[in-house]
Amino acid sequence: MILNGKSEVDFIKWASYNYGEDSGDLTMLREVYRNALIIEFFDSVGIYIGIQYTEIDSIGMYDWRIHYSNFYGTNNSRQEAIIQAIKKANDIYNARFK
């Protein structure tokens, strides 16, 4: 599971409220759909994740940035960039909403 701590608990509540009881069961959701819901959840609390494709010396990379703390990173694939951004957003959420 990508989320942990308070963000996991709050995400399950948010998903269940906004998308029905079954949405809260994260094990039943496909990874792409779950990640989209997690990004939407972070949007709802003002933590914005951005993913952008960038050419670096003819090697394509996906840059990601969290528009709350100006934290950013680079990964080789879009999915990896999304996962890393969600993990960092999780840390920010847990620190911000103790």
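Everything discussed here concerns the structure shown above.
Below is a short write-up of the structure.

**Observations regarding the overall build of the protein chain**
When its secondary structure is counted, the protein chain shows 3 helices and 3 strands. Mapped from its N terminus to its C terminus, the protein chain presents α and β elements in the order α-α-β-β-β-α. The 98 residues of the protein chain split such that 37% are buried. Looking at the protein chain alone, contacts between residues at least 24 apart form 46% of all its contacts between residues at least 6 apart.

**Considering the nonpolar core**
Across soluble globular proteins, you tend to see nonpolar side chains buried next to one another. Within the largest apolar cluster, 22 residues are counted, with the highest numbers of intra-cluster contacts made by F11, F42, I47, I49, I66 and I86. Listing elements by their share of this core, those giving two or more residues are helix 1 (5-19), helix 2 (31-44), strand 2 (59-67) and helix 3 (78-96). No other element matches helix 3, which puts 8 residues into this core. In contact with I47, not counting residues within four places along its chain, are F42, I66, Y68, A89, I92, Y93 and R96.

**Brief notes about the packing of aromatic side chains**
This structure, assessed with the given rule, holds 8 aromatic pairs. Aromatic ring contacts, followed pair by pair, group F11, W14, Y19, F41, F42, Y93 and F97 into a single cluster.

**Here we look at the packing of helix 1 against helix 3**
Where helix 1 meets helix 3, the closest approach of the two axes is 7 Å, and the angle between their N-to-C directions is 95°. Between helix 1 and helix 3, the angle is such that the two are roughly perpendicular. Residues G5, K6, S7 and D10 of helix 1 form the contact with helix 3, whose own contacting residues are N90, Y93 and N94. Partitioning the contact of helix 1 with helix 3 into residue classes produces 1 nonpolar, 4 polar and 2 charged.

Parameters at a glance
- Residues numbered from 1 in each chain as written.
- Predicted model: local features only at pLDDT ≥ 70, side-chain atom pairs only at ≥ 80, totals over all residues.
- Heavy atoms only, no water.
- Helix = DSSP H or I, 4+ residues; strand = E, 2+ residues; numbered from the N terminus.
- Buried < 20%, exposed > 50% of the residue type's maximum accessible area, 1.4 Å probe, protein only.
- Contact = heavy atoms within 4.5 Å.
- Core = buried A, V, L, I, M, F, W, Y, C linked by side-chain atoms within 4.5 Å.
- Phe/Tyr/Trp six-rings, centres within 6.5 Å; stacked < 30°, edge-to-face > 60°.
- Axes fitted to C-alpha atoms, helices over the stretch in contact; angles between N-to-C directions.
- Parallel < 35°, antiparallel > 145°, perpendicular 65-115°, else oblique.
- Nonpolar A, V, L, I, M, F, W, Y, C, P; charged D, E, K, R; others polar.

Any functional reading would require information that these geometric values do not contain.
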